[in-house]
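Below, each chain spelled out in residue letters.
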Amino acid sequence: MLEASRNDWSLCSAEAAPMIGPLKRLTQRLLIGALGFDDYLFFVAQARIATIKTFRYEADFLYFLNMVPNDGVILDIGANIGVTAYFLAATKPGSRVHAFEPGPENFRSLTRVVAQHTLANVTVHECGLGRQAAALPMIMPVIGGIKRHALCQVDDGHSEYKEGIRFQIKIETLDDVPELKTRTDVHAIKIDVEEFEAEVLKGGMELIRRCRPLIFCEIWKPENRNEIRAMFERERYRMYGYEHGMLEPAGSGIKNFTGNFFIIPDECPLPQ
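A short tour of the structure in this document, coming up.

Rules used throughout
Sequence order as written defines the numbering, with residues in each chain counted from 1. A pLDDT threshold of at least 70 governs which residues receive local features in this predicted model, and a stricter bar of 80 or more applies before side-chain atom pairs are shown or counted, although totals over entire chains, interfaces and linings include all residues. Note that the side-chain values use all heavy atoms of the structure and ignore hydrogens as well as water. To qualify as a helix, a DSSP run of H or I must reach at least 4 residues; to qualify as a strand, a run of E must reach at least 2; elements of each kind are numbered from the N terminus. With the radius of gyration taken over C-alpha atoms, the globule rule is written as 2.2 Å times the number of residues to the power 0.38. With a 1.4 Å probe rolled over the protein chains alone, any residue whose accessible area is under 20% of its type maximum counts as buried; one over 50% counts as exposed, and the rest are partly exposed. Note on contacts: a residue pair qualifies if any of its non-hydrogen atoms lie within 4.5 Å across the two residues. Throughout, the Shrake-Rupley method with a 1.4 Å probe supplies accessible areas, and for residues the shown protein chains are the sole cover considered. Charge counting follows a simple rule: Lys and Arg are positive, Asp and Glu are negative, and His as well as the terminal groups are ignored. Taken as the charge location is NZ of Lys, CZ of Arg, CG of Asp or CD of Glu. Throughout, a disulfide means two cysteine sulfur atoms within 2.5 Å of one another. As a rule, the C-alpha atoms of each element are fitted with a line to give its axis, helices using only the stretch in contact, and angles between N-to-C directions run from 0 to 180 degrees. Note on angle classes: values under 35 degrees are labelled roughly parallel, values over 145 roughly antiparallel, values of 65 to 115 roughly perpendicular, and the remainder oblique. Note on convention: the crossing is left-handed when the near helix lies turned anticlockwise from the far helix by less than a right angle, right-handed when the turn is clockwise. Paired strands, in this sense, are two strands between which DSSP finds at least two bridges. Any Lys or Arg side-chain nitrogen found within 4 Å of a carboxyl oxygen on Asp or Glu counts as a salt bridge. N or O atoms within 3.5 Å of each other form a polar contact, as long as, within protein, one can give a hydrogen and the other can take it, and as long as residues adjacent in sequence are counted only when both atoms are side-chain atoms.

**Comments concerning the overall build of the protein**
Here comes step 1: Across its full length, the protein carries eight helices and 13 strands.
Here comes step 2: In terms of overall size, the protein behaves like a compact globule, its C-alpha atoms giving a radius of gyration of 18 Å where 272 residues would be expected to give roughly 19 Å.
Here comes step 3: For the protein, buried positions account for 53% of its 272 residues.
Here comes step 4: A separation of at least 24 residues holds for 71% of the contacts in the protein among residues at least 6 apart in sequence.
Here comes step 5: In the form shown here, the protein has an accessible surface area of approximately 12400 Å², with 54% of it arising from carbon and sulfur atoms.
Here comes step 6: Charged side chains in the protein number 31 positive and 36 negative. The centres of these two groups are separated by 1 Å.

**Here's the deal with unusual backbone geometry**
Here comes step 1: Positive phi, normally seen in glycine, also occurs at Thr118, with a value near 50°.
Here comes step 2: Of note in the backbone geometry, Arg236 takes a positive phi value of approximately 65° without being a glycine.
Here comes step 3: With respect to the helices and strands, the residue Arg236 is situated in the loop between helix H8 (222-233) and strand S11 (237-243).
Here comes step 4: Classification of Arg236 as partly exposed rests on a relative accessible area of 48%.

**Topic: the state of the cysteines**
Here comes step 1: Tallied over the full model, the rule gives zero disulfides.
Here comes step 2: Here Cys211 stays unpaired: no disulfide links it, and the sulfur of Cys268, its closest cysteine neighbor, is 14 Å away.
Here comes step 3: Assessed through its relative accessible area of 10%, Cys211 is described here as buried.
Here comes step 4: Judged by its relative accessible area of 25%, Cys268 is partly exposed.

**Concerning the packing of helix H2 (residues 37-55) against helix H4 (residues 83-91)**
Here comes step 1: At their nearest, the axes of H2 and H4 sit 9 Å apart, and the two run at 50° to each other. Overall, the two elements H2 and H4 adopt an arrangement that is oblique. As H2 runs across H4, the sense of the crossing is right-handed. For the pair formed by H2 and H4, the contact residues are Ala45, Arg48, Ile49, Ile52 and Lys53 on the first element and Val83, Tyr86 and Phe87 on the second.

**A look at the pairing of S11**
Here comes step 1: Here S11 lies mainly inside the structure; six of its seven residues are buried.
Here comes step 2: Taken together, the four bridges between S11 and strand S13 (residues 260-265) define a ladder with antiparallel strand orientation. Across the sheet, Tyr237 pairs through a bridge with Pro265, a residue of S13.
Here comes step 3: Bridging between S11 and strand S12 (residues 246-249) involves four bridges; their strand directions are antiparallel. Pairing of Glu243 across the sheet is with Met246, part of S12.
Here comes step 4: Counting the residues in the hairpin turn of S11 and S12 gives two residues, including His244, whose phi is positive at 50°.

**A look at the pattern of salt bridges**
Here comes step 1: Across all of its chains, the model carries 13 salt bridges by this definition.
Here comes step 2: Between Arg108 and Asp38 there is a salt bridge whose closest N-O contact spans 2.6 Å. You can see Arg108 sitting in helix H5 (residues 104-116) and its partner Asp38 sitting in helix H2, a full 70 residues away along the chain.
Here comes step 3: Among the salt bridges present, the one from Asp39 reaches Arg112, with a minimum N-O distance of 2.7 Å. Of this pair, Asp39 sits in helix H2 while Arg112 sits in helix H5, and the two are 73 residues apart along the sequence.
Here comes step 4: Owing to a relative accessible area of 33%, Arg112 belongs among the partly exposed residues under this scheme.

**Observations concerning the packing of helix H3 (residues 59-67) against H4**
Here comes step 1: Look at H3 against H4: their axes get within 11 Å of each other, and the N-to-C directions meet at 30°. Overall, the two elements H3 and H4 adopt an arrangement that is roughly parallel. Note on packing geometry: the crossing formed by H3 with H4 is right-handed. Contact with H3, carried on its side by Phe61, Phe64 and Leu65, involves Thr84, Phe87, Leu88 and Thr91 of H4 and no other residues of that element.

**Some thoughts on the side chain of Ser109**
Here comes step 1: Tracing the chain through its elements places Ser109 in helix H5.
Here comes step 2: The exposure class assigned to Ser109 is buried, which follows from its relative accessible area of 1%.
Here comes step 3: One polar contact links the side chain of Ser109 to the main-chain carbonyl oxygen of Ile81, over a distance of 3.0 Å.
Here comes step 4: The residues touching Ser109, leaving out its near neighbours within four places in the chain, are Leu41, Phe42, Ala45 and Ile81.

So, in structure tokens, the structure goes:
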């Protein structure tokens, strides 16, 4: 999502991409060498926050923000280096944001962003979420010699990445998070967990049935998309993609596909 796209050409033309790719990697190496990886991640978070504020290029996420009420609870699952947590908290000051991030380096950036911007309405959780509590291996891919913080993925034997930094993370279930167990006002959930989204959702169905939140979820693989769509149709939800400032039913031939889906309760009217 906002931390980095898979292709990362969101501000570049296809013709410029072959030239910009090596330049970007060189710049990243120089910054990491000069700053160290932790300070580099914080620098990237601050730069992305400033860029999105100025150019407003994450149109689907901004559309989601406009749909979220300014009260109750918002969940940022896969908060990464803190960019989405910043926008959720800063634009919804009447809400309490719970931000979940299991990667230690990403988590340190997240906590720095929260402190830097005095986001008093954010609670951070250094854990991942899944179907059941566990300790699982995770990989931060190394591509072209660069650690790719935005592509951290549970390394359960099916990861698409073979080279990277491996570490253990703690997994909890959303339904067992103490601060949320009795809440009835979780209004919105953002999920970006690199192919682990179905597991996250399965561990939170009691909360979802109780609160009926709006869900904004990155889902790249068609098989994951189909599984989640079927799961939520049974719960009286509809699934949409975003194109040209509008929501379109998932599967309706969306051309400018971002990988992000809106999962909306049947009783929630669409924006006009």
